Amino acid sequence: MKLMKRLGALAIVGILGLSTFSCLNNDDVDFTNYEYLKTKGVSVDQDSIMPINQTTNIKVNFEKTNSCQEFVQFSILRGNRNDSVQYISVLGRRTNGESCLPSTNIESKILKFTPEKAGKYKLKFWTGKDSNNNDIFSDSIVLDIKKNL
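Residues numbered from 1 in each chain as written. Predicted model: local features only at pLDDT ≥ 70, side-chain atom pairs only at ≥ 80, totals over all residues. Heavy atoms only, no water.

1. What to know about the pattern of salt bridges
At step 1: Inspection of the entire model under this criterion finds 5 salt bridges.
At step 2: One salt bridge connects Glu-35 with Arg-94, and the closest N-O pair in it is separated by 3.2 Å. You can see Glu-35 sitting in strand β1 (residues 31-37) and its partner Arg-94 sitting in strand β5 (residues 85-96), a full 59 residues away along the chain. Grouping residues by exposure puts Glu-35 and Arg-94 together as buried.
At step 3: Among the salt bridges present, the one from Asp-135 reaches Lys-129, with a minimum N-O distance of 2.8 Å.
At step 4: Using a relative accessible area of 33% as the deciding quantity, one classes Asp-135 as partly exposed. (Salt bridge = Lys/Arg side-chain N within 4 Å of Asp/Glu carboxyl O. Helix = DSSP H or I, 4+ residues; strand = E, 2+ residues; numbered from the N terminus. Buried < 20%, exposed > 50% of the residue type's maximum accessible area, 1.4 Å probe, protein only.)

Take a look at the structure:
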C-alpha cells in the first residue's frame, strides 16, 4: 500500500512538473515569416543562352518592402523544371522585430536555369496578387534552348 501511495505521489509531481515546464514565455523572440517577393523585371543576354545540360544565367529583380526581408531561393510554383512553361517565385524570409523598418528597394539575384531537353521554355515570374487574391505572373521570358551550340 505504501508503494502505491508513493507511486501516485510521484506521478502527480511528475505531471505538475511537466505542465509548468511546458509553458515557457518566449513572446519576446522575433519570429520568421516566409513570403513571396514581387519580381520587378527579368532579363537575359540572348547570346548567353546555353544548350541543354548547361546553365543559363537569368537576372531577376525583386522588391523588398522591409529592412528585415532577405532572399532565400527561387521556387517553382507550378509544374517542374522540365516543363515548357514554368511559374517561378522569389521566396523571401522576413523577421519581425523592433529594428525592422519599412523600406522599398530593388535587389537582383541570378536564377541558374539548366534544362535537360531542347525546346522553347517560357518562365513566368510571380509579381503579386490581384483584387481577388489570385496570383499574377506579369514578368516573363522565353528561352529557346538548343541541343548544341
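Read on, since the account is not over.
2. Thoughts on the sheet that holds strand β6 (residues 102-113)
At step 1: If you trace the 3 strands from one edge of the open sheet to the other, you get β2-β3-β6, paired in antiparallel fashion. With one partner strand each, in any of the chains shown, β2 (39-43) and β6 form the two edges of the open sheet. Geometrically, the sheet is characterised by an average inter-axis angle of 15° between neighbouring strands, direction not taken into account.
At step 2: Pairing geometry for strand β3 (residues 56-66) and β6, over 10 bridges, is antiparallel. Its bridge partner being in β6, Lys-64 is matched across the sheet by Asn-105. (Pairing = 2+ DSSP bridges. Axes fitted to C-alpha atoms, helices over the stretch in contact; angles between N-to-C directions.)

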